[in-house]
Amino acid sequence: DAGVIQSPRHEVTEMGQEVTLRCKPISGHNSLFWYRQTMMRGLELLIYFNNNVPIDDSGMPEDRFSAKMPNASFSTLKIQPSEPRDSAVYFCASSLAGGTQMDEQFFGPGTRLTVL
Amino acid sequence: KQEVTQIPAALSVPEGENLVLNCSFTDSAIYNLQWFRQDPGKGLTSLLLIQSSQREQTSGRLNASLDKSSGRSTLYIAASQPGDSATYLCAVRPIASGTYKYIFGTGTRLKVLA
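So, here's what we can say about the structure. (Residues numbered from 1 in each chain as written. Chains lettered and ligands numbered in written order. Predicted model: local features only at pLDDT ≥ 70, side-chain atom pairs only at ≥ 80, totals over all residues. Heavy atoms only, no water.)

**Quick notes on the nonpolar core**
Residues and elements named next belong to chain B. The test is simple: Buried residues of nine kinds, namely Ala, Val, Leu, Ile, Met, Phe, Trp, Tyr and Cys, make up a nonpolar core once their side-chain atoms join them within 4.5 Å. For each residue, the accessible area found with a 1.4 Å probe, counting protein chains only, is set against the maximum for its type, and the residue is called buried under 20%, exposed over 50%, and partly exposed in between. Numbering goes from the N terminus for both helices and strands, where a helix is a DSSP run of H or I of at least four residues and a strand is a run of E of at least two. The criterion used for residue contact is that any of the two residues' heavy atoms lie within 4.5 Å.
Grouped together as the largest cluster of nonpolar side chains are 22 residues, with contacts concentrated most on Leu33, Trp35, Leu75 and Ile77. Mapped onto this core, the elements with two or more residues apiece are β3 (19-25), β4 (30-38), β5 (44-51), β7 (62-67), β8 (72-77), β9 (86-94) and β11 (108-113). When residues no more than four places from it in sequence are discounted, the contact partners of Leu33 are Cys23, Phe25, Leu48, Leu49, Ile50, Leu66, Ser73, Cys90, Ala91 and Val92.

So, in structure tokens, the structure goes:
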């Protein structure tokens, strides 16, 4: 298996532009997580999906952020409009979480976002 | 609210030393605890996952222990090598209805000197 795939790996954009980050989870996994990592705040959970349904989006910083999971093999995180304080590394992770304890998380390589 | 703390924030040791990384959490009601490694500029790699019913897990030179009652976990690295240099994060999965999310600590940045 190729693991969790994220694209792009690096994104540089100007303030006010729309940014879309993409994630392909590990095949067969039914939970998907979007995290943001900064030096100041560490690793923060933004939103997670179970069986393509958003379960908890309490970590989404504000309405400029939105996430979708149209099917089991694809998810997007969109920021519109982007701001310099959104600069961070965004990680996607997936797991096989079926209500048991066996839900080891596997992370993608991340997307480094820089908003100028 | 569950909080996860890792001390120290940074650690530098000579090659060959055995070392212990600490993780503490405030609420013992957890499903499991997971240790990760993160190399600079890279994603997180899962090292060990300990179920709440387990006391420890081992993988090669790594051994992770869990003491739920005291809210502590340790990651023991035997015979450390320069290649072990990375940031190590622990994360707990709280017991809460319908949630599969993990709460992460801020990590311990380890440097093993050759």
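**Some remarks on the interface of chain B and chain A**
Which entries qualify depends on this criterion: The term buried area means the drop in 1.4 Å probe accessible area that two parts suffer when joined, counted for both and summed. A carboxyl oxygen of Asp or Glu within 4 Å of a side-chain nitrogen of Lys or Arg is what we treat as a salt bridge. In protein, a polar contact requires one atom able to donate a hydrogen and another able to accept it; more generally it is a pair of N or O atoms within 3.5 Å, and residues adjacent in sequence count only if both atoms are side-chain atoms. Note on residue categories: nonpolar means Ala, Val, Leu, Ile, Met, Phe, Trp, Tyr, Cys or Pro, charged means Asp, Glu, Lys or Arg, and polar means any other residue, Gly included.
In this assembly, 20 residues from chain B lie in contact with 25 residues from chain A. For the pair chain B and chain A, the summed buried surface comes to about 1,800 Å²; carbon and sulfur atoms form 51% of the total. Connecting chain B to chain A are zero salt bridges. Scanning the region where chain B abuts chain A turns up three residue pairs in polar contact (both at pLDDT 80 or more). In terms of residue count, the dominant contributor to the side of chain B that touches chain A is β4 of chain B (five residues). Per-class residue counts for the side of chain B that touches chain A are seven nonpolar, 10 polar and three charged.

**A short note on the sheet that holds strand β1 (residues 5-7) of chain A**
Residues and elements named next belong to chain A. The criterion, for reference: We call two strands paired when DSSP finds no fewer than two bridges between them. Angles here are taken between N-to-C directions and fall from 0 to 180 degrees, while the axes themselves are lines fitted to C-alpha atoms, restricted in helices to the stretch in contact.
Strand order across the open sheet formed by four strands is β1-β3-β8-β7, with antiparallel pairing between neighbours. Unpaired on one side and paired on the other, β1 and β7 (65-71) mark the two borders of the sheet. The average angle at which neighbouring strand axes cross in this sheet is 15 degrees, direction not considered. With three bridges joining them, β1 and strand β3 (residues 19-24) adopt antiparallel strand pairing. The residue bridging Ile5 from the neighbouring strand is Lys24, located in β3.

**So, the layout of surface pockets**
Here is the rule: Cavity means a closed set of points on a 1 Å grid over the protein atoms alone, one where a 1.4 Å probe fits but cannot get out, pocket means an open set with protein on both sides within 12 Å along at least 5 of 7 lines, and lining means a residue has an atom within 4 Å of a point. Grid points are joined across faces, edges and corners, and a volume is the space filled by probe spheres set on the points.
Here the largest pocket defines a volume of roughly 740 Å³. Class assignment for the residues of the lining of the largest pocket results in 12 nonpolar, 14 polar and five charged. In this structure, the second largest pocket encloses a volume near 600 Å³. Along the wall of the second largest pocket there are 22 residues; nearest its centre are Leu43, Glu44 and Leu45 of chain A together with Lys1 and Ile103 of chain B. Mapped by element, the contributors of at least two residues to the lining of the second largest pocket are β5 (42-50) of chain A together with β10 (103-104) of chain B. Residue contributions to the lining of the second largest pocket peak at five residues, all from β5 of chain A.

As far as function goes, none of this settles anything; it's purely spatial.
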